[in-house]
Amino acid sequence: METLIQASYLIAAALFILGLKQMSSPVTARRGILWAGAGMVLATLATFLTPEILDSPQSTTNIILIIVAIALGGGYAWVSGKKVAMTDMPQMIAMYNGMGGGAAATIAAVELLKASTEASHDVTGATTIADALGADVAILGILGAVIGTISFSGSIIAWAKLDGRLNRSKLLPAQHLVNAVLAIATAGFAIAIYFSADLNTIITFYVLALILGIFITVPVGGADMPVIISLFNALTGLAVGFEGYVLGNAAMIIAGIVVGSAGSLLTQLMAVAMNRSVANVFFAGVGTTESTAGGDGTEGVMKEIQAQDAGILMSFASQVIIIPGYGMAVAQAQHKIWELTQLLTDKGVTVKFAIHPVAGRMPGHMNVLLAEAGVPYDMIYDMEDVNAEFKTTTVALVIGANDVVNPSAKDDASSPLYGMPILNAYESDNVIVIKRGRGAGFSGVENPLFFADNTKMLFGDGQKAASQLIQSVKEL
Amino acid sequence: MIEGLAAIYIFMLAGFTGYEIISKVPVILHTPLMSGSNFVHGIVLVGAMVALGIADSTAEQIIGFIAVLLGAGNAVGGYVVTERMLEMFKPSGNKAAAPKGEDA
């Protein structure tokens, strides 16, 4: 029986790795998640046969509890996952990730509780958690508990912030100092657990780690959220791997550590794309630091264009590059934009979509939103592949994007965006910007592109403006 | 059981594997891949099941129950959203035919 279970875990781990591998190409991605899903089902079913579970004195009650918990947790996740809009995907991933972190932390809690009972009753001569579990298991178990708990409460905050339920960026004065003290206190209690078996120490430790996760995440700015979610994803993976060691479960170790390292790299890639260091994301947020440079860097007036003229301009263009931003998705304009693209293509115009690495709420989010509208992925280009083409482009159509086309990032050292790679829309013959109003972007930084000589502003709601453009192109 | 040096080998090799997988991924798949890796650590469900399965006090059962609840949420939610996102990716040209055919 033991061999059968171990074999199932091995196959599951292989399916996870192969599945993730296939998910890294758009052609095989769909198959990848199906494989990984099969691995999960196999591992879950095999676990029901675990001898320790079947031989446990309370086996019947426990198995019923397991089934009820899977039905409740899985049922909730199934319904919410099917319902969630594509624009809200990042916060939903944060939520499910937080649940994983919480699961790792609670597994550790069960183990610590068992060890604490054992040590305090002096059944095996063990008097501390370290004695009861063994040094390696105790250390990794406690580490997994810290990481999982922080990932749990932090992810919930990330979810609340992205979902618009929490807008505060500050809880206390001198937040960073408080966080530092809290982090030291959490570490202190973590070490104390190792050398004792006291239940209150364990409880205090969990409470501190929960608060720490909240306090770390609250000051992080909205624009930096993807980095945080990705980081918490990696951390949950790590916590799962550590708890896998505690339970001697190879599938958990492999899957957890694979996700931990893949997630760390992904976090790094995102931070680089946004020109932020991971440390920077935690200790200062764009927009939360008072930026004096943003306000006075802009001169001149915005030039307006009517949808009809914009439509004519694009119809006779040789190449149009569309730069979509999160604003487009909020206005639900992606379907209209795809319709416009098809009309222009019929007129012989080459249309491409240019995606900044951080367009949308996280890297690749915009691709998901465009795919939802039906845009084929081979019309969508990454920043590096498309940036050289703006010089030979007739019209760059910016819709709902702002910071990712802000030339200050290149030439204004005082701008908070300085150094961030941008899409070189300003090099096109014409830039048309569809924008709801005249305000600054997500990060609160002014954009000189809107005042440039070759830029025309098409003010209005994204969806309505796109409809007007379609109308104009059709009439020609 | 996996212990000592064997565990360190697994940790190391799994670490390299994760790094390799992500280093070649196009930006367009970052969100689905993050979501996919989020699903994969849903394997924590298995550990949660063992923790609850071997619980022998009420306190352990309550905490274990929460663990399974959360783990199942991670696994199922992660799968559903990843699958929904990846379902939409398709190349231009034969729009309807290719992805549908693969399902069967």
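Our structure is the block above this text.
These lines cover the structure that appears in this document, whether it is placed above or below. Predicted model, so just to flag it, every value in this text is computed and none were measured.

With 161 residues, the main nonpolar core has Tyr206(A), Met314(A), Leu458(A) and Ile43(B) as its most contacted residues. With 16 residues, the top contributor of residues to this core is helix 5 (residues 89-121) of chain A. Other than its neighbours up to four places away in sequence, Ile43(B) contacts Phe16(A), Met40(A), Ala43(A), Val240(A), Ala251(A), Met252(A) and Ala255(A).

Tallying the contact residues gives 83 residues for chain B and 103 residues for chain A. Between chain B and chain A, roughly 8600 Å² of surface is buried when both sides are summed, and carbon and sulfur atoms account for 77% of that area. One can count three salt bridges joining chain B with chain A. Here Glu60(B) ties to Lys114(A) by a salt bridge, and the two come within 2.8 Å at their closest N and O atoms. At the level of elements, helix 1 (4-23), helix 2 (30-40), helix 3 (44-53), helix 4 (58-87) and helix 5 (97-103) of chain B are the ones that each hand at least two residues to the side of chain B that touches chain A.

All names here are of chain B. A cluster of nonpolar side chains, Leu5, Ile8, Tyr9, Met12, Leu13 and Phe16, forms an exposed patch at the surface whose accessible area comes to about 670 Å². Along the chain, Met12 falls in helix 1. By relative accessible area, Met12 is classed as partly exposed at 41%.

Looking now at helix 9 (residues 199-217) of chain A. All names here are of chain A. With 19 residues, helix 9 should cover 27 Å at 1.5 Å per step; its first-to-last C-alpha distance of 28 Å lies within 8% of that length. Taken together, the buried positions of helix 9 are Thr201, Ile202, Phe205, Tyr206, Leu208, Ala209, Leu212, Gly213, Phe215 and Thr217. Each element contacted by the buried residues of helix 9 is listed here: helix 5, helix 6 (129-133), helix 7 (135-162), helix 8 (175-195) and helix 10 (225-247).

Below, the discussion takes up the pattern of salt bridges. Residues and elements named next belong to chain A. Scanning the model with the defined rule gives eight salt bridges over all chains in all. Salt-bridge contacts for Arg165 lead to Asp163; the nearest nitrogen and oxygen are separated by 2.8 Å. We note a salt bridge from Lys474 to Glu339, for which the minimum N-O separation is 3.9 Å. Of the two residues, Lys474 is situated in helix 20 (residues 462-475) and Glu339 in helix 16 (residues 334-346); the sequence distance between them amounts to 135 residues.

Before going further, it helps to spend a moment on unusual backbone geometry. Here Gln332(A), not a glycine, exhibits a phi torsion of approximately 55°, which is positive. Among the structural elements, Gln332(A) can be located in the loop between helix 15 (326-330) and helix 16.

Let's shift gears to the environment of Gly360(A). All names here are of chain A. The residue Gly360 is located in the loop between strand 2 (350-355) and helix 17 (365-373) in this model. Considering only alpha carbons, one finds Gly360 and Gly327, 33 residues apart in sequence, at a separation of 8.2 Å. Excluding residues that lie within four positions of it along the chain, Gly360 makes contacts with Tyr326, His365 and Met366.

Moving on, we get to empty space enclosed by the protein. Applying the stated rule across the entire model yields one cavity of 30 Å³ or more. In this structure, the largest cavity occupies an estimated 50 Å³ of space. Contributing to the lining of the largest cavity are Leu20(A), Ala262(A), Gly263(A), Leu266(A), Ile21(B), Ile22(B), Leu33(B), Met34(B) and Ser37(B). Mapped by element, the contributors of at least two residues to the lining of the largest cavity are helix 11 (250-273) of chain A together with helix 1 and helix 2 of chain B. The class makeup of the residues in the lining of the largest cavity is seven nonpolar, two polar and no charged.

Calculation criteria
Residues numbered from 1 in each chain as written. Chains lettered and ligands numbered in written order. Predicted model: local features only at pLDDT ≥ 70, side-chain atom pairs only at ≥ 80, totals over all residues. Heavy atoms only, no water. Core = buried A, V, L, I, M, F, W, Y, C linked by side-chain atoms within 4.5 Å. Buried < 20%, exposed > 50% of the residue type's maximum accessible area, 1.4 Å probe, protein only. Helix = DSSP H or I, 4+ residues; strand = E, 2+ residues; numbered from the N terminus. Contact = heavy atoms within 4.5 Å. Buried area = accessible area lost by both parts, 1.4 Å probe. Salt bridge = Lys/Arg side-chain N within 4 Å of Asp/Glu carboxyl O. Patch = residues over 30% accessible without salt bridge, like charges linked within 9 Å, V, L, I, M, F, W, Y side chains within 5 Å. Areas by Shrake-Rupley, 256 points an atom, 1.4 Å probe, with all protein chains shown as cover. Expected span 1.5 Å × (residues − 1). 1 Å grid on protein atoms, 1.4 Å probe; cavity = no way out; pocket = protein on both sides within 12 Å on 5 of 7 lines; lining within 4 Å. Points joined across faces, edges and corners; volume = space filled by probe spheres on them. Nonpolar A, V, L, I, M, F, W, Y, C, P; charged D, E, K, R; others polar.

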